Amino acid sequence: MIEQIGTGSLLFKESPFLLESASIVGTKEGQGPLGSLFDVVGSDDKFGQDSWEKAESSLQQDALTLAIGKAKVTKDEIRYLFAGDLLGQCVASSFGLKQFEIPLFGVYGACSTCGESLSLASILVASGCADCTAAVTSSHFASAEKQFRFPLEYANQRPVSATWTVTGSGAFILGSEKYKGRIEHKKDEKFVRITGITTGKIVDYGIKDSMNMGAAMAPAAASLIKQNLEDFKIKADEYDKIVTGDLGSIGKQILCDLLRKEGIEIESIHEDCGMKIFDSETQNTGSGGSGCGCSATTLSAYYLPKIKSGQFHKILFIPTGALLSPVSFNEGQSVPGIAHGVIIEGE
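Procedures and definitions
Residues numbered from 1 in each chain as written. Predicted model: local features only at pLDDT ≥ 70, side-chain atom pairs only at ≥ 80, totals over all residues. Heavy atoms only, no water. Helix = DSSP H or I, 4+ residues; strand = E, 2+ residues; numbered from the N terminus. Rg over C-alpha atoms; globule rule 2.2 N^0.38 Å. Buried < 20%, exposed > 50% of the residue type's maximum accessible area, 1.4 Å probe, protein only. Contact = heavy atoms within 4.5 Å. Areas by Shrake-Rupley, 256 points an atom, 1.4 Å probe, with all protein chains shown as cover. Phe/Tyr/Trp six-rings, centres within 6.5 Å; stacked < 30°, edge-to-face > 60°. Lys NZ or Arg CZ within 6 Å of the ring centre and 35° of its normal. Polar contact = N/O pair within 3.5 Å; in protein donor to acceptor, adjacent residues only side chain to side chain. Core = buried A, V, L, I, M, F, W, Y, C linked by side-chain atoms within 4.5 Å. Pairing = 2+ DSSP bridges. Right-handed = clockwise from strand over helix to strand, strands pointing away. Salt bridge = Lys/Arg side-chain N within 4 Å of Asp/Glu carboxyl O.

Looking at the overall build of the protein chain
Next up, step 1: Of regular secondary structure, the protein chain possesses 11 helices and 16 strands.
Next up, step 2: Over its C-alpha trace the protein chain gives a radius of gyration of 18 Å, about what one expects of a compact globule, namely 20 Å for 347 residues.
Next up, step 3: Looking at the protein chain residue by residue over its 347 residues, the buried ones come to 60%.
Next up, step 4: In the protein chain, 77% of the contacts between residues at least 6 apart in sequence involve partners at least 24 apart.
Next up, step 5: In the structure as shown, the protein chain presents an accessible area of about 14,000 Å², 50% of it carried by carbon and sulfur atoms.

In structure tokens, the structure reads:
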């Protein structure tokens, strides 16, 4: 059963279990603060492939394979697969996942794709339309730079407002109550469930700087958080953490300032995946991390274990996306933002 809450949210009465997940990252991510937590750290950012795009497809393929194995399900048990990436026509997902032969919904929410895919995958399980679903996303520094900014050979200077696209992929397996028994738990470890979602609106503050994605996405995150609190009639401290995906240090400050003007204070409980995955001072990553793989791998490697252990009981996970393309940017259009909120709880 699913209940419509407010004007932008859903509450899952029979909330799906987040059975298992997997995270695979590149060399720079492996050298960051969370390096020891990822399932796999590649020794070569091409992952044995002959192009950056093929490398990203390989990331998705390996992440989903690993997640399926950890969840003790077969690919044939997965009713639907939701996947997306940053590349044109989501080619990293198409070529990376075709061999699984799972019914696929390709999704695109820019860097918010992890939140979007988890939302849709959880809706199908909560509604009884599927017993088991999967959500996968990825990004790759080199393929993203090649498409959206400059060839790597150009070696352009990066301003401090710029974020560093994460090379990584996160895969998640969701299941109904009947899959609960397959989850291997240590003593006192919690089950993880997605209990609700808030779907974001496109928010455009007219930002045109492609090197300051935090500023473009922060208004969408602020709108999403305000909507979530209004819909569920709760205060921000209902959550142990409010976790954004890809704002970086500059976007974080903008987000907190925007919400403060609305009478909402989140600074003490807010964290950003882009600021977790890199040490910007020692790794020269500007404002922090971004890309579809940023929030996905950080959720899998860092936040889900904390929910399982009971350190966090309830978080609002909000990947954020900048909805631009090379075409729209070159035509002088602004960069709209979007955010997708997923409520994740331990029980």
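Some remarks on the packing of aromatic side chains
Next up, step 1: Scanning the entire structure with this criterion turns up six aromatic pairs.
Next up, step 2: Geometrically, the ring pair formed by phenylalanine 17 and phenylalanine 191 is edge-to-face, given 5.9 Å between the ring centres and 75° between the ring planes. Linking phenylalanine 17 in strand E3 (residues 17–25) with phenylalanine 191 in the loop between strand E9 (168–175) and strand E10 (192–199), this pair joins segments that are 174 residues apart in sequence.
Next up, step 3: Assessed through its relative accessible area of 0%, phenylalanine 17 is described here as buried.
Next up, step 4: By the ring-pair criterion, three or more aromatic residues cluster together here, those being Tyr80, Phe82 and Phe105.
Next up, step 5: Geometry around tryptophan 164 places lysine 28 over its ring, the cationic atom sitting 4.6 Å from the centre.

Quick notes on the side chain of threonine 244
Next up, step 1: You can see threonine 244 is positioned in strand E11 (residues 241–244).
Next up, step 2: Side chain to side chain, threonine 244 and histidine 270 meet in a polar contact 2.7 Å long.
Next up, step 3: In contact with threonine 244, other than residues within four places in its own chain, are Ala221, Leu255, His270, Glu271, Asp272, Cys273 and Ile318.

Section: the nonpolar core
Next up, step 1: Counting 41 residues, the largest nonpolar core has Leu118, Phe172, Ile194, Leu299, Ile315, Phe317 and Ile344 as the members making the most contacts within it.
Next up, step 2: Among the elements that make up this core, the one with the highest residue count is helix H10 (residues 292–309) (eight residues).
Next up, step 3: Once residues lying within four places of it in the same chain are set aside, the contact partners of isoleucine 194 are Phe12, Ser15, Pro16, Leu18, Leu118, Ser122, Leu174, Val342, Ile343 and Ile344.
Next up, step 4: Grouped together as the second largest cluster of nonpolar side chains are 37 residues, Ala144, Ile225, Leu247 and Leu316 included.

Remarks on the pairing of E11
Next up, step 1: Burial along E11 is two-sided: Lys241 and Val243 and Ile242 and Thr244, pointing in opposite directions, are all buried.
Next up, step 2: Pairing of E11 with strand E14 (residues 314–318) involves four bridges; the strand directions are parallel. Its bridge partner lying in E14, valine 243 is registered against phenylalanine 317.
Next up, step 3: On the question of chirality, the crossover connecting E11 to the parallel strand E12 (residues 270–272) by way of helix H7 (residues 248–261) is right-handed.

With respect to the side chain of aspartate 246
Next up, step 1: Along the chain, aspartate 246 turns up in the loop between E11 and H7.
Next up, step 2: By relative accessible area, aspartate 246 is classed as buried at 0%.
Next up, step 3: One polar contact links the side chain of aspartate 246 to the main-chain amide nitrogen of threonine 320, over a distance of 3.2 Å.
Next up, step 4: Apart from the residues within four sequence positions on either side, aspartate 246 is in contact with Cys111, Thr163, Met217, Asp272, Gly289, Ser290, Gly291, Cys294, Ser295, Pro319 and Thr320.

Examining the pattern of salt bridges
Next up, step 1: Using the criterion set out here, one finds 18 salt bridges in the structure.
Next up, step 2: Glutamate 177 is the salt-bridge partner of arginine 193, the closest N and O atoms lying 3.7 Å from each other. A residue pair is termed long-range when its members are at least 10 positions apart, and arginine 193 in strand E10 and glutamate 177 in the loop between E9 and E10 qualify at 16 residues.
Next up, step 3: Among the residues examined, arginine 193 registers a relative accessible area of 13% and is labelled buried.
Next up, step 4: The exposure class of glutamate 177 is partly exposed, given its relative accessible area of 48%.
Next up, step 5: Measuring nitrogen to oxygen at the nearest pair gives 3.7 Å for the salt bridge that ties glutamate 271 to lysine 276.

Quick look at unusual backbone geometry
Next up, step 1: At glutamate 101, a position not held by glycine, the phi torsion is positive, near 55°.
Next up, step 2: On the secondary structure map, glutamate 101 appears in the loop between helix H3 (91–97) and strand E6 (104–106).
Next up, step 3: The phi dihedral of asparagine 284 falls on the positive side, at around 55°, and the residue is not glycine.
Next up, step 4: By the element assignment, asparagine 284 lies in the loop between helix H9 (280–283) and strand E13 (288–290).
Next up, step 5: Owing to a relative accessible area of 63%, asparagine 284 belongs among the exposed residues under this scheme.

So, the environment of glutamate 238
Next up, step 1: When you line up the elements, glutamate 238 lands in the loop between helix H6 (213–232) and E11.
Next up, step 2: Relative accessible area serves as the criterion here: at 40%, glutamate 238 is assigned to the partly exposed category.
Next up, step 3: Along the chain, glutamate 238 and cysteine 114 lie 124 residues apart, while their C-alpha atoms are 23 Å from each other.

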